[in-house]
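# Fold and geometry: a report
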Amino acid sequence: MEIIDLKTLKIEANKEIDNTADLKSLDDIDKKYLGKKGELTRILRSLQILPKEKRANMGKAANEVKNVLKQKIEIKRKEIGKDVIIADKERIDATRPGKAPIQGHLHILTQTRREVEEIFRSMGFEVAEGPEVENEWYNFDALNIPKNHPARDVWDTFWLKSAKERLLLRTHTSPVQIHYMETHKPPLRIIVPGNVFRHEATDQRHEFQLFQVEGLMVDKDISVPNFKAIVGEFFRRFFNKNMGFRLRPDFFPFTEPSFDIGMTCLICEGKGCQLCKGSGFLEVAGAGMVHPNVFKASGVDPKKWKGWAFGFGLDRLAMMKYKINDVRLFRSGDMRFLNQF
Ligand code: PHE
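Let me sum up the structure you'll find in this document. Remember, predicted model here, so these are calculated numbers, not experimental data. (Residues numbered from 1 in each chain as written. Predicted model: local features only at pLDDT ≥ 70, side-chain atom pairs only at ≥ 80, totals over all residues. Heavy atoms only, no water.)

### Examining the nonpolar core
Counting 47 residues, the largest nonpolar core has Phe234, Phe235 and Phe312 as the members making the most contacts within it. Taken together, the elements giving at least two residues each to this core come down to α5 (108–122), β6 (209–219), α9 (224–239), β8 (255–264), β9 (281–290), β10 (306–313), α11 (314–322) and α12 (335–338). Leaving out residues up to four positions away in the same chain, Phe235 has contacts with Asn240, Lys241, Met243, Phe245, Ile261, Met263, Val284, Phe312 and Leu317. Counting 26 residues, the second largest nonpolar core, distinct from the first, contains Tyr138, Tyr180, Leu188 and Phe252. (Core = buried A, V, L, I, M, F, W, Y, C linked by side-chain atoms within 4.5 Å. Buried < 20%, exposed > 50% of the residue type's maximum accessible area, 1.4 Å probe, protein only. Helix = DSSP H or I, 4+ residues; strand = E, 2+ residues; numbered from the N terminus. Contact = heavy atoms within 4.5 Å.)

Written out as structure tokens, the structure reads:
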């Protein structure tokens, strides 16, 4: 054995340690050089057969190599170990059940709107829409509500700051009657779902924004019984049962005669509760026979055509169907409420 051999051994071992990437082969290298029957161990053992003067030098050199290799192997072992721990942390268990993404759903008012549309569509009604921002002509004048008419006070509302003409957030969907009749010739049947806005103190039954569904039917032989038949059929289909409802005389400048539609309060089943103010009925729509002035304002001959119109509060219909006792819940954004539907 020569120092030369020891140097080769050291170079060899170093190379092998550098090239390993896993603990198993590092252990093998450890064994191969430093183990009981390892190459370096063998060299150290064979020192005794060397002559004395060579033995000291050789022994010192061999021990040095042994320590260097031992240290190097230890460092390498820690390095690989670190990788193993990180890999363990980053391990992806593909068999674990995944996190399902939260899936949204349609708002209860949208669901209700679609149900209403579906029922009227099946009765031959078309679904029309109109702008949420109106001018005074469409929201008032054309609907037989001239300037200074007291009915304007009821619908005093959100006015927009606009340079040319006075614009407002529409207070009802009735202006769409005018828009539609300007561009379509009777006979016609439409419903108009949409948001409306009112300067209103809010309570259990009132909101400053609500959803309405306007209805308009114009034909030659239209009368109140015809209106009652359609509304009755709508109630039957929407509530899935024969619903009691009542018509009471009311006043709207754009209908003559006018009435409001009250239905049995379904929160208390007609017994009387806080929502229906103990009456057992809830007003869900205003309605009436189209006023001749409305026909004139939209270019329809009132001598030839007759019609009825209604304006349902969709919020209230949903309240009755789903037994919701406060209208403010709809737009509260409270997921505990919304997720129930
Ligand atoms: N536009 C009326 C309201 O908002 C309701 C209505 C519509 C009344 C159609 C008669 C006819 O209160």
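### A look at the packing of aromatic side chains
The description of two aromatic rings rests on the distance between their centres and on the angle between their planes. One pass over the structure, following the stated rule, counts 22 aromatic pairs. Ring geometry for Phe235 against Phe239: centres 5.9 Å apart, planes inclined by 35°, an arrangement best described as tilted. Here Phe235 and its partner Phe239 are both found in helix α9, four residues apart, which amounts to about one turn of the helix. Linked through ring pairs, Phe120, Phe125, Phe227, Phe234, Phe235, Phe238, Phe239, Phe245, Phe259, Trp308, Phe310 and Phe312 together constitute an aromatic cluster. The cationic tip of Arg246 hangs over the ring face of Phe281; the distance from NZ or CZ to the ring centre is 4.0 Å. Of note, Lys321 hangs over the ring of Phe238, and the distance from its end group to the ring centre comes to 4.5 Å. (Phe/Tyr/Trp six-rings, centres within 6.5 Å; stacked < 30°, edge-to-face > 60°. Lys NZ or Arg CZ within 6 Å of the ring centre and 35° of its normal.)

### Some details on the site of the ligand
If you check the shell around the ligand, you find 15 residues, and the closest are His172, Ser174, Arg198, Gln212 and Gly311. Here Ser174 contributes a side-chain N or O atom positioned 3.0 Å from a nitrogen atom of the ligand. Between an oxygen atom of the ligand and a side-chain N or O atom of Gln212, the distance comes to 2.9 Å. When isolated, the ligand has an accessible area of 320 Å², and the protein chains bury 95% of it. Going through the elements one at a time, β6, β9 and β10 are the ones with two or more residues in the shell around the ligand. Broken down by element, the residue count for the shell around the ligand peaks at three residues, all from β10. Of the residues contributing to the shell around the ligand, the split by class is six nonpolar, seven polar and two charged. (Near = heavy atom within 4 Å. Polar contact = N/O pair within 3.5 Å; in protein donor to acceptor, adjacent residues only side chain to side chain. Areas by Shrake-Rupley, 256 points an atom, 1.4 Å probe, with all protein chains shown as cover. Nonpolar A, V, L, I, M, F, W, Y, C, P; charged D, E, K, R; others polar.)

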